[in-house]
Amino acid sequence: MEQSLREGLRAKGVRLDELDERILWELMRDARIPNAALAARLHVAPSTTHTRVRALREAGVIKSAHVEVDYEALGLDVQGIVSVRLRAQARPQIKSYAAKVIQLPNVLSVFFVGGTIDFLIHVACTSTAQLRDFVASELSMDPAVASTETNIVFDHLIGQEHLGAGGLAAMRGPIR
């Protein structure tokens, strides 16, 4: 697995070493960490981490950094995951459907998945009534949609907030 990852990155012109992976791991844990603190944590010079992070961005390994928003603090107290199955005749519209849905104001994420459904759509709403109306009006009424199923999110844990010290190699390792 490690070899195929490195070969895939090399095909893109990207070569990562252990320090690059440690930098990525620390940035995954906290993208706001100051460069000096990152360097201290990794026991390298700040110029080293600065150069490496810039190179990882330029290579497209680091795409962006994100802010985790407390939607409840913004009055969006209800989150849902909506499963969407498209009509068989709408299969050619999969990409255009996803491009349209991700632009809807309550949509946080769209996942195109395999299996009996086509999409999982993560939404945030002010209430269960708004969630119901959103699904009924914005998702279910689309002519491409065959069916929807809505699940209320009780709690949402973010993986990066809970990353331990295992590193990327541990993520690629065997499951025990």
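Computed from a predicted structure; not experimentally measured.

Bringing the nonpolar core into the picture now. Counting residues in hydrophobic clusters, the biggest one holds 20 residues, and the most contacted among them are Val-84, Leu-86, Tyr-97, Ile-121, Val-123 and Leu-139. Taken together, the elements giving at least two residues each to this core come down to β1 (78–86), α5 (94–101), β3 (119–125) and α6 (128–139). Contacts of Tyr-97, omitting those with residues within four sequence positions, involve Val-84, Leu-86, Phe-119, Ile-121, Leu-139, Asp-142 and Val-145. Within the second largest apolar cluster, 14 residues are counted, among which are Leu-24, Leu-38, Val-53 and Leu-168.

Next up on the list: the sheet that holds β3. Taken in spatial order, the 4 strands make up an open sheet running β2-β3-β1-β4, and their pairing is antiparallel. Among the strands making up the open sheet, the edge pair consists of β2 (107–112) and β4 (145–153). Across this sheet, the average inter-strand angle for adjacent strands is 20°, counted without regard to direction. Sheet topology note: the β1/β4 ladder contains 8 bridges and is antiparallel. Paired with Val-82 across the bridge in β4 is Thr-150.

This part takes up the side chain of Thr-49. Within the secondary structure, Thr-49 sits in helix α4 (residues 46–58). The exposure class assigned to Thr-49 is buried, which follows from its relative accessible area of 0%. Among the polar contacts listed, one links the side chain of Thr-49 to the side chain of Asn-35, at a separation of 2.6 Å. Contacts of Thr-49, omitting those with residues within four sequence positions, involve Ile-23, Asn-35, Leu-38, Ala-39, Leu-42 and Val-44.

Right, let's talk about the packing of helix α2 (residues 18–29) against α4 for a bit. The interhelical angle for the contact between α2 and α4, taken along N-to-C directions, is 85°, at an axis separation of 10 Å. Between α2 and α4, the angle is such that the two are roughly perpendicular. In this structure, α2 uses Leu-19, Asp-20, Ile-23, Leu-24 and Leu-27 to contact α4, whose residues at the interface are Thr-48, Thr-49, Arg-52, Val-53 and Leu-56.

What counts and how
- Residues numbered from 1 in each chain as written.
- Predicted model: local features only at pLDDT ≥ 70, side-chain atom pairs only at ≥ 80, totals over all residues.
- Heavy atoms only, no water.
- Core = buried A, V, L, I, M, F, W, Y, C linked by side-chain atoms within 4.5 Å.
- Buried < 20%, exposed > 50% of the residue type's maximum accessible area, 1.4 Å probe, protein only.
- Helix = DSSP H or I, 4+ residues; strand = E, 2+ residues; numbered from the N terminus.
- Contact = heavy atoms within 4.5 Å.
- Pairing = 2+ DSSP bridges.
- Axes fitted to C-alpha atoms, helices over the stretch in contact; angles between N-to-C directions.
- Polar contact = N/O pair within 3.5 Å; in protein donor to acceptor, adjacent residues only side chain to side chain.
- Parallel < 35°, antiparallel > 145°, perpendicular 65-115°, else oblique.

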